[in-house]
Structure formats: structure tokens, C-alpha cells
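# Structural description and commentary
Residue-level listing of the chains:
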Amino acid sequence: MLTIVKTSLRSATGVGRTQFLRYCSTGPNTTSDQAAPTEKTSENEPPILVEKIDSITMIGLNKPNIRNAINAEMGQQLTAAIDAFEKDESAAVGILHGVGGSFCSGYDLSELANPDVKPQSVILQRGGVMGPTRRNFKKPMVCAISGYCVGGGLELALMCDLRVMEELALLGFYNRRFGVPLVDGGSVRLPTLIGVSRAMDLILTGRTVKAKEALEIGLVNRIVAVGTGLGQAFNLASSIAKYPQACLNHDRNSMYYAMFQAKSLEDAMDFEVLSAGEEVLKQAAQGAERFLQGVGKHGKFTEIKERLIPEWEKEEIAHEVAAKGKAKK
């Protein structure tokens, strides 16, 4: 059962006040020997934290005592949080991150080792084990990688559109050591990102990949300093959220269709053209009009998004203009 608690909080990114949404579980936290404890988590703390700043939704994995390893119940709660983000019309871009120094150490093996748990029932969960990993999201998602991002945790990172990696973070399919298969899209998405040869190397050996190599092979998009992953992911998400979203998501969906669903080049081209609906074309016409007004000329990316001015600020501006007019007289 999920409960939503709302409270006010200053963001760790230093952006300011936000609406903080906590998806709370009534059950106790699962323990695991999978990873050494990093910091203790209260039994009352929810395993999934969701914080919203303007049009950016940040979804945090919150089991730092086991490096955010995910069991079946936590995976369902992550699915619920992402579903809520997708349905929120005021949310443009999501960020997936880990609390307590690591992104995610993968699936909680203590659950799989439980004799009362049938592996088939875990693997065949609708939508995915680690979360909604067996589909593409409706909106862009950025992954902030810190500490360990291994096993199923790496599969979570691969389901995101972009990955921001802290310089000392570690990637790898460590599940290879214990015979735990990839069932959350790892073997499907990785070859499309870095090519079959490199993907085969990482999947068959399970070896560790550090930040420099990850960037060089296209596994991540940015390398940032330790401790700045979430903040830099927020900056990247903000740079995406400022654009007209109907057009942006059309182009994004067209790429995913071409990669995974298109039967031919002609099919992919047809989808690109025919999926450009009325809203997309309307945004294009509005954008052309703004360009003719001088917005974005000479390659400028500033002031692309129109700022909505509240009524009280409009009144203040009007008073200031009137006061200046009287002073000139």
C-alpha cells in the first residue's frame, strides 16, 4: 500500500523550496548482505522518495543501508512513482537517483535466496522486477549515478534517456558472478547504446567499468565531480525542460521507434512524419513566429522558454513604469 505525504523542503540541489512527495510503504525495510551498509535507514522512512521542483520530478531510491538494492515490493513502488510522474501534466523531465552515496547495487538477493520465494514469480512480474523496465517512458528521464550502479542497478540506468556519472562511481553486471540473469532490459538496451561487441564484453565478463571508459564508449553522457551527480543531473534536466515538449517528445519517440520497433528504414521514416500531430505542428508555427521576433537568433539558447509573470509582479511593474513616467514630467 502506498501513502502520499506532502511537506515543504529545501532541495539538496540548492534550488529552493519545493513540494516534496513521499511514497511511503507500511512494511518494514528488507535487509541484505549484498552490499556493506553505508548509513542506517529508519524503518519508518519510505524506500522511494519523490521531490518536485518546478517541472522537474526527482525520484530517489532510499535504502542506503543496502546500497539501494531493490526487492519486488520496492520495484512496484518505483513503478507507481514513475507512473505518477508520467501522468503529471506539469512535470516535463524526471531524474532517477540513489540516496546515501550509491545509485543502486541491483536486485536484493536476500529475497531470491528465500526458499518461500519462487524465482519464476519474481522474474515474470508484469512490467519488470526492478521497476517499469520493460517499456519506454512517456517523458525524458535522467539518471544520476553515484557510488555503485551494478547488476539490476545498471539496468535501471540503461532504461533512462541520459546518464550523469560521478567520477568515482562504478558500473558493471556484478550479477554475472552468481548466475543471476538480466531480465530488466540490460541485454536489450545495452547493444543499442554501445554496440554489440562492447556490450557482449560487459555482459559476459561482468567486469567493472569506471567513469572514463563509460564516457568513451557512450555508456554515460556526462562525468561530474563526486557529490554533484544529482545537482548536475538537475541542471541537465532543466536544460531539456525549457524546450517545447510536444516537439521534443515526438523526436524522442521517433528515435525509440526506429531503434526497437521499425521493420525497415521506410517504416521508421513514415513514423517520424506521420506521428508529427497537430500539437507538434502548432508548436513549430509558434516557434517560427518567436524566431522572427528575435528570440534565439545567432544560436542563442537563453530566454527560449517564456516566463509566466504572476499578476502581483505585473502590478508592480505597472506601478514602476507609472512612477518613472511621473518622475520624467
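Placed above this text is the structure.
Heads up: these notes are all about the structure in this document. (Residues numbered from 1 in each chain as written. Predicted model: local features only at pLDDT ≥ 70, side-chain atom pairs only at ≥ 80, totals over all residues. Heavy atoms only, no water.)

In this structure, Ile-59, Leu-61, Leu-96, Leu-156, Leu-171 and Leu-219 are the most contacted members of the largest nonpolar core, which totals 45 residues. Of all elements in the fold, only β3 (48–53), β4 (56–61), α1 (72–87), β6 (141–145), α4 (152–159), α5 (186–194), α6 (196–205) and α7 (211–216) reach the threshold of two or more residues within this core. Once residues lying within four places of it in the same chain are set aside, the contact partners of Leu-156 are Leu-61, Ile-70, Leu-78, Leu-96, Phe-103, Cys-104, Met-130 and Thr-133. In terms of nonpolar packing, the next biggest core, distinct from the first, is built from 17 residues, Ala-92, Ile-95, Phe-234 and Leu-248 among them. (Core = buried A, V, L, I, M, F, W, Y, C linked by side-chain atoms within 4.5 Å. Buried < 20%, exposed > 50% of the residue type's maximum accessible area, 1.4 Å probe, protein only. Helix = DSSP H or I, 4+ residues; strand = E, 2+ residues; numbered from the N terminus. Contact = heavy atoms within 4.5 Å.)

Turning to helix α8 (residues 229–241), a few remarks are in order. For α8, with 13 residues, the first-to-last C-alpha span of 18 Å sits near the 18 Å given by 1.5 Å per residue. Among all positions in α8, only Gly-229, Ala-233, Phe-234, Leu-236, Ala-237, Ile-240 and Ala-241 are buried. Projected down its long axis, α8 shows its buried positions confined to an angular sector of 165 degrees, all on one face. (Expected span 1.5 Å × (residues − 1). Arc of directions from axis to C-beta.)

If you walk through the whole model with that rule in mind, you get seven salt bridges. Taken together, the shared-partner salt bridges connect Asp-83, Glu-86 and Arg-135 into one network. (Salt bridge = Lys/Arg side-chain N within 4 Å of Asp/Glu carboxyl O.)

In this section: unusual backbone geometry. The general pattern is negative phi for most residues beyond glycine and trans for most peptide bonds. With a phi close to 50 degrees, Arg-67 is a non-glycine residue in the positive phi region. Summarising the element assignment, Arg-67 is placed in the loop between β4 and α1.

Among the structural elements, Arg-177 can be located in the loop between β9 (170–172) and α5. On the basis of relative accessible area, Arg-177 is assigned to the exposed category, the value being 60%. Sequence spacing of Arg-177 and Thr-205 is 28 residues, and the spatial spacing of their C-alpha atoms is 8.9 Å. Within polar-contact distance, the side chain of Arg-177 engages the backbone oxygen of Tyr-174 at 3.0 Å. (Polar contact = N/O pair within 3.5 Å; in protein donor to acceptor, adjacent residues only side chain to side chain.)

For β3, the buried fraction is high: six of the six residues fall into the buried class. Of the pairings in the sheet, the one linking β3 to β4 comprises six bridges and is antiparallel in character. The residue bridging Val-50 from the neighbouring strand is Ile-59, located in β4. The loop that links β3 with its antiparallel partner β4 comprises two residues; one of these, Asp-54, has a positive phi angle of about 55 degrees. (Pairing = 2+ DSSP bridges.)

Moving on to α4. Counting buried residues in α4 gives eight out of eight residues, a clear majority hidden from the surface. Buried within α4 are the following residues: Gly-152, Gly-153, Leu-154, Glu-155, Leu-156, Ala-157, Leu-158 and Met-159.

Turning our eyes to something else, we now look at the packing of aromatic side chains. Summed over the entire model, instances satisfying the criterion amount to two aromatic pairs. Aromatic side chains Tyr-256 and Phe-260 sit 6.5 Å apart centroid to centroid with 15 degrees between the ring planes, which places their arrangement in the stacked category. One end of the pair, Tyr-256, and the other, Phe-260, are both in helix α9 (residues 245–260), four residues apart, so they sit about a helical turn from each other. Ring geometry for Tyr-257 and Phe-271: centres 4.0 Å apart, planes at 5 degrees, overall stacked. Of this pair, Tyr-257 sits in helix α9 while Phe-271 sits in helix α10 (residues 265–274); the two residues are 14 residues apart in sequence, bridging distant segments of the chain. Judged by its relative accessible area of 16%, Tyr-257 falls in the buried class. With relative accessibility at 27%, the residue Phe-271 sits in the partly exposed group. Between Lys-139 and the ring centre of Phe-85, over which it is positioned, the NZ or CZ distance is 5.2 Å. (Phe/Tyr/Trp six-rings, centres within 6.5 Å; stacked < 30°, edge-to-face > 60°. Lys NZ or Arg CZ within 6 Å of the ring centre and 35° of its normal.)

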